[in-house]
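Spelled out from the first residue to the last, the chains are:
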Amino acid sequence: MSNAHSRHYLAIWYWLMALVILSVAAASTLPKLQAMVLIFSVAIVKAFLVARYYMHLKHERVIIYAIALVPLAFVVIFLFGLFPDFVFHATKP
Amino acid sequence: MTIHSGAEPYGKTGTWWFLSSEIPTFGAVLVAYIVLRLGSAGWAESSAHLNFNIALINTFILLTSSMTIVMAHAAAQDGDYGKTAKFLGLTVLLGLGFLAMKALEYSGEIAHGFLPSSGIFWSFYYGMTGLHALHVLAGIIVNLILWIQALNGRLANHPHRVEYAGLYWHFVDIVWIFLFPLLYLA
Amino acid sequence: MSTFWRTRIFSTDHKVIAKQYLALSLFWMLMGAGSAYLIRWQIAHPDTEALGWGYIEPSVYNSLVTMHGTIMVFFVAMPFLLAVFGNFLIPLMIGARDMAFPRLNMLSVWIFALASAVLVTSFFVPGGAAAAGWTGYPPLSAKNEYTGGGYGIDLWLLALALEFASFLLGGVNFLTTAVNMRAPGMTWMRLPLVIWMQLIAAVIFMLSVGPTIAGALFLLMDRNLGTTFYAPDAGGDPLLWQHLFWFFGHPEVYVILLPGLGIILEIIAVFARKPVFAYRPIIYASIVAGFLSFVVWAHHQYVSGMDPRLAMPFSITTILISVPFALVIFSIIAMLWRSSLSFPTPMLFAVGTLGVFIFGGLTGIFNGSAPVDIYIHDTYFVVAHFHYTLISNVFFAGFAAIYYWFPKMFGRMMNDTLGKIHFWLTFIFFNAVFGPMHLVGIGGMMRRIADPTQYDFLKPVQPLNIFITLMAILLILSQVTFVVNIFWSLFAGKVAAANPWQANTLEWTTPSPPPHENFATLPVVYRGPYEYSLPESKEDWLPQDLDLGRSSRAAVR
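Rules used throughout
- Residues numbered from 1 in each chain as written.
- Chains lettered and ligands numbered in written order.
- Predicted model: local features only at pLDDT ≥ 70, side-chain atom pairs only at ≥ 80, totals over all residues.
- Heavy atoms only, no water.
- Helix = DSSP H or I, 4+ residues; strand = E, 2+ residues; numbered from the N terminus.
- Buried < 20%, exposed > 50% of the residue type's maximum accessible area, 1.4 Å probe, protein only.
- Contact = heavy atoms within 4.5 Å.
- Buried area = accessible area lost by both parts, 1.4 Å probe.
- Salt bridge = Lys/Arg side-chain N within 4 Å of Asp/Glu carboxyl O.
- Polar contact = N/O pair within 3.5 Å; in protein donor to acceptor, adjacent residues only side chain to side chain.
- Nonpolar A, V, L, I, M, F, W, Y, C, P; charged D, E, K, R; others polar.
- Phe/Tyr/Trp six-rings, centres within 6.5 Å; stacked < 30°, edge-to-face > 60°.
- Lys NZ or Arg CZ within 6 Å of the ring centre and 35° of its normal.
- Core = buried A, V, L, I, M, F, W, Y, C linked by side-chain atoms within 4.5 Å.

Draft legend 1. Structural detail: the overall build of chain B. Helices and strands together make up the secondary structure of chain B, namely six helices and zero strands. In chain B, the succession of α and β elements from N to C terminus is α-α-α-α-α-α. Its C-alpha atoms give chain B principal-axis dimensions of about 60 × 30 × 20 Å. Every one of the 186 residues in chain B was classed for burial, and the buried ones make up 63%.

See below:
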């Protein structure tokens, strides 16, 4: 059983390595905006791979998923809440 | 029947609840960085002074250590504590390697006069990587304890703890997965 | 290790740990009340010598105001409502022998004790205790030259960080225990509401405290490492702290509120001898309120200089959040309708909570609406509002819980006559203090000022201030009845039976107090917790674990 698991973990590791190299390549070759989009998409994919396969989220009950995803949702809400003040500089002087 | 028999689900649920509090902690730090950076120019100039190569090596180190710790977990599930010890030991070494590279990186930056007080970018750089490094250190200590227990046989009493330590370690890795592009590639 | 140390000091038993938290909260209540007395004295009789203390310097006044808020929120409300009753009740009411992680539980209370020691120490360092308000806004909190303090604020931040750590670990324990250790037959929808509320509060806390931890880290770095997170002249922004703080700060008040609501739901069901009205809607409403609490935070920042266009969306969400709470409140009122009411002390305090909280909730609508808040922000109207909502939950509901569960915790009944006197004195003086305070706020008195008499426009409200201070002193003195009752009852109270209130929930099936490991045999649950006054039943109560030989709808696990 562990051999199949181990091969699978190794396979994920190869993907992770490849994705890092892809990000670095993008940073130095693509124009700024495209590079950023690609790099952060790749980061999300890497995080997803680690979470789903290394943290075994694939096999977990719904409540574990909720424990992982609900806080993430709140972080996103926080991000949007801060945009007006800090990105758009709509604060009064 | 003691409370801890069949404790496998307890520790996993508990570890995930703990991680649910860590997600908004690091999340808020990253959000603050993102919005402040998006709102002002000039940060890219500061970030050009970062040591990209060290950070890239650290990225490979940490990702590999995630693999080694999940291998340790698989070995523990099989009851092969020799293998578990081997992989836990590798994870500890990789973690120490990360911190060593980080120390090297910090000393380089400090030598060039880039301190936490050198401006807002450096405030965030030291704050974010410092908080992350502290979490790496905590993880190394946990992994070290489990490695020792794998060697002296005590791990057989609670093999599931390798999984819990792994969950925490993967989380720390995921934070770095976002820190690396935010600081070094953007 | 001798038995005293093992059973009383380094115990992993959740019941002992609950009592340790109780002792610590009672200590901090004393400190909180003391600071309130001095604050009120200074306001009513500025620059005179307070009885029993002496002259209050302006910098000391700032520390008093700061520490009163910090102590009451983080070192009284949180331990008293969550740590004491969560720890004591969760294992007992779900039918477990202890928490999922007893040693972690012991670590939690010891970290809280350490946090308390750090906070006490902060009073004695050069420069005195933190003096930048319980909300600690930079730049006031970031630079010592503004407050005249030394490292009091650093110790304050450390104490808070330790307190957060303690409650995070506690939250892990509460939630894991409830998810995994319920007795057979104790389905989610048979859980007593007091437990549901503790769990929802724990989740809210776990998910909200992170940003403030981040913010506190940034503040410590700004103060000690020269970073510029909050320094506007160096790329930072003081508004960042406000967002980081209030993203947690608002959900925090619901972390405090929900356990109080759970307590009064539990107690009112018992003394109205009626099932809880709308059990499931209350649970869903509380969960919805928990979610909404994460999107209202900027109502604390309407006049902070943040983007004014944020005012409307946050006003809307703030008004919206009153809806689920209204549902809960109306359900409680519906429980009283056509019930068999009796009014021992716990019930008096429970119903009292309801009345006081409703008033506080109503003034919340004024505060939450941005146009109105522009006028009343940072005035005593806000102070009156949050004391109506907080004191109703922390003290009225907390006292109700003490009077109700004291027999189970300590094996003795509290004196009911003294309890009733305690209630009426508290109720009357509480309203006498904070009722008129609304008028003081509308009259324009700002928060945190040390001498209202230096402003001509505040002269009309000064008689109210003097009256409020006198009532506050009487309110604090009234609590002597409670303290006397506790200590007297501990040693000479009537010995309590297992179930003096004839209640249905599982903790009443154990001896008073319960032994280590709680249950001789783990209970099996056959029904929900509120089967009171069933027409087909001889008694007006029906315990959760009573096997009537009929099959139950939920599978016994």
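Moving on, there is more to tell.
Draft legend 2. Spatial organisation of the interface of chain A and chain B. Counting from both sides, the interface comprises 43 residues of chain A and, opposite them, 44 residues of chain B. Between chain A and chain B lies a buried interface of about 3800 Å² when both sides are counted; carbon and sulfur atoms form 82% of it. At the boundary of chain A and chain B, one finds one salt bridge. In this structure, lysine 12 of chain B and glutamate 60 of chain A form a salt bridge, with 2.7 Å as the shortest nitrogen-oxygen distance. The interface formed by chain A and chain B contains three residue pairs in polar contact (both at pLDDT 80 or more). When residues in the side of chain A that touches chain B are grouped by element, the largest group, 13 residues, is from helix H1 (residues 2-29) of chain A. Residues of the side of chain A that touches chain B, tallied by class, amount to 33 nonpolar, six polar and four charged.

Draft legend 3. Focus on the packing of aromatic side chains. Going through the model one piece at a time under the given rule, you end up with 83 aromatic pairs over all chains. The side chain of lysine 86 of chain B reaches across the aromatic face of phenylalanine 87 of chain B, ending 5.2 Å from its centre. A cation sits over an aromatic face here: arginine 182 of chain C above tryptophan 188 of chain C, 4.1 Å from the ring centre.

Draft legend 4. Local environment of the nonpolar core. One finds Phe124 of chain B together with Leu240 and Trp405 of chain C to be the most contacted residues of the largest nonpolar core, which totals 294 residues. Here this core gets 24 residues from one element, more than from any other, and that element is helix H3 (residues 58-94) of chain C. Other than its neighbours up to four places away in sequence, leucine 240 of chain C contacts Leu82 and Phe86 of chain A, Ala32, Leu36 and Phe124 of chain B together with Phe218, Phe229 and Tyr230 of chain C.

Draft legend 5. Here's a closer look at the pattern of salt bridges. What the rule picks out here adds up to nine salt bridges over all chains. One salt-bridge network, in which partners are shared between bridges, spans Glu60 of chain A together with Lys12 and Glu163 of chain B.

Draft legend 6. Spotlight on the environment of asparagine 58 of chain B. All names here are of chain B. Within the secondary structure, asparagine 58 is located in helix H3 (residues 52-78). Relative accessible area serves as the criterion here: at 0%, asparagine 58 is assigned to the buried category. Spatially, the C-alpha atoms of asparagine 58 and methionine 101 are 7.0 Å apart, while their sequence positions differ by 43 residues. In contact with asparagine 58, not counting residues within four places along its chain, are Gly97, Phe98, Met101, Lys102 and Trp176.

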